[in-house]
Structure formats: C-alpha cells, structure tokens
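# Overview (structure and organization)
The primary structure of each chain is shown beneath.
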Amino acid sequence: MVKGTPLSGKSLLFALTRLDRNNPEKEWFRTSEIHEVYQTVARDVEVEPKGYNRALELLNKHVTTGVLESKKKERGDQGKFRSYSLQGDVESTRTGLINSTPELQTLMGW
C-alpha cells in the first residue's frame, strides 16, 4: 500500500514505526511526536524534512488509505490534537518500508 508513496510519506511512516518500537506501552502518537522523529529520519536519509502542516497532510493521506488510524483529542490545558496509530503489524510495515525504499535501508538497525 505504500509503494507509490513519496519518500517523505514513507519517512513519516518509518518515524511512526520507530516510535512504536521504542515505546511498546503506547499505541497512539501525537502529530508533534511523529514530526519530531520524522525530522531526524529525513535528515538521516539526506532529504529536507517537510514542515509540520505538510507532514500532517501526509499523515492524513495515510489515514485515507487505511495504513493509519487517527483520532482527535481535547485536553483542557493542552488544547486539541490528533493522534495516529499504525494499522496492522508494525514490524511488517517497517520491513515493507525498508525493502521498498533503498534510502531507508541504511536505517535498518533502528
């Protein structure tokens, strides 16, 4: 499902798999958390990271394709925010991203 996705979109998904792998107790991740890790991934694969709003658009495209699920939350002092969760097996998604994207293969150990 992600084969035709541009590198920036794949990098966002890879960032989410990294978050999931490093935080096994969590299932949902805020846009800001994903974007922060995505910026590191983008620099690691030597591409200019997209801004927050463009990253949000790309995440929402993954929701429409069924790769991600999203939900809106509202917490008084923290305001409104959106959280995302990968659908399906995280390791399969990660492996698929690495196998279909030569740029991400350099990040296999993460």
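Chains are numbered independently. Their residues run from 1 in the order of the written sequence. Residues qualify for local features only when their pLDDT is at least 70, as the model is predicted, and side-chain atom pairs are given and counted only at 80 or more; totals for whole chains, interfaces and linings, by contrast, use all residues. To get the side-chain values, all heavy atoms of the structure are used, and hydrogens and water are removed first.

### Some thoughts on the sheet that holds strand E1 (residues 29-30)
The strands that make up a sheet are held in pairs by hydrogen bonds between backbone atoms, and each pair lies either parallel or antiparallel. What counts, and what does not: Two strands make a pair as long as DSSP finds a minimum of two bridges between them. The way it works is that DSSP assigns letters per residue, a run of H or I at least four long becomes a helix, a run of E at least two long becomes a strand, and they are numbered from the N terminus. Note on definitions: a residue-residue contact is assigned when non-hydrogen atoms from the two residues lie within 4.5 Å. Lines are fitted to the C-alpha atoms to define the axes, a helix being fitted only along its stretch in contact, and any angle between axes, read from their N-to-C directions, falls within 0 to 180 degrees.
If you trace the three strands from one edge of the open sheet to the other, you get E1-E3-E2, paired in antiparallel fashion. Two strands lie at the open edges of the sheet, namely E1 and strand E2 (68-75), each paired on one side alone. Across eight bridges, E2 lies against strand E3 (residues 79-86) in antiparallel orientation. Bridge assignment links Glu 69 to a residue of E3, and that residue is Ser 85. The strands touched by helix H1 (residues 7-22) are E1, E2 and E3; relative to E3, the strand with the most contacts, the crossing angle is about 90 degrees.

### Structural notes on helix H2 (residues 31-44)
Cut-off, in case you're wondering: The span expected for a helix works out to 1.5 Å for each residue beyond the first. Exposure is judged per residue with a 1.4 Å probe applied to protein chains only, and the accessible area is read against the type maximum: over 50% gives exposed, under 20% gives buried, and values in between give partly exposed.
For H2, built from 14 residues, the straight-helix expectation of 20 Å at 1.5 Å per residue is met to within 8% by its first-to-last C-alpha distance of 20 Å. When we look at burial in H2, the residues that qualify are Thr 31, Ile 34, His 35, Val 37, Tyr 38, Val 41 and Ala 42. The elements touched by buried residues of H2 are H1, E1, helix H3 (52-64), E3 and helix H5 (102-105). Positioned one or two residues after H2, Glu 46 has a phi angle of 65 degrees, which is positive.

### With respect to the UniProt feature "binding site: ATP" in the protein
This is how the line gets drawn: UniProt positions are given in the numbering used here, feature names are shortened, and annotations may be inferred rather than shown by experiment.
UniProt's entry tags Ser 8, Gly 9, Lys 10, Ser 11 and Leu 12 with the feature "binding site: ATP", counted in the numbering of this structure. Topologically, Ser 11 is positioned in helix H1. The exposure class of Ser 11 is buried, given its relative accessible area of 0%. Following the sequence through the fold, Leu 12 ends up in helix H1. In this view, Leu 12 contacts Ile 34, Tyr 38, Ala 55, Leu 58 and Leu 59; residues no more than four positions away in its chain are not counted.

### Examining the packing of aromatic side chains
Basically, it comes down to this: Centres within 6.5 Å are what make two rings of Phe, Tyr or Trp a pair, Trp counting through its six-membered ring; a difference in plane orientation under 30 degrees is then read as stacked, over 60 as edge-to-face, and the rest as tilted. In this analysis the charged atom, NZ for Lys or CZ for Arg, is taken to sit over a ring once it is within 6 Å of the ring centre and within 35 degrees of the ring normal.
Following the criterion strictly, the structure yields zero aromatic pairs and no others. Seen from the ring of Phe 81, Arg 30 lies directly overhead, with NZ or CZ sitting 3.6 Å from the centre.

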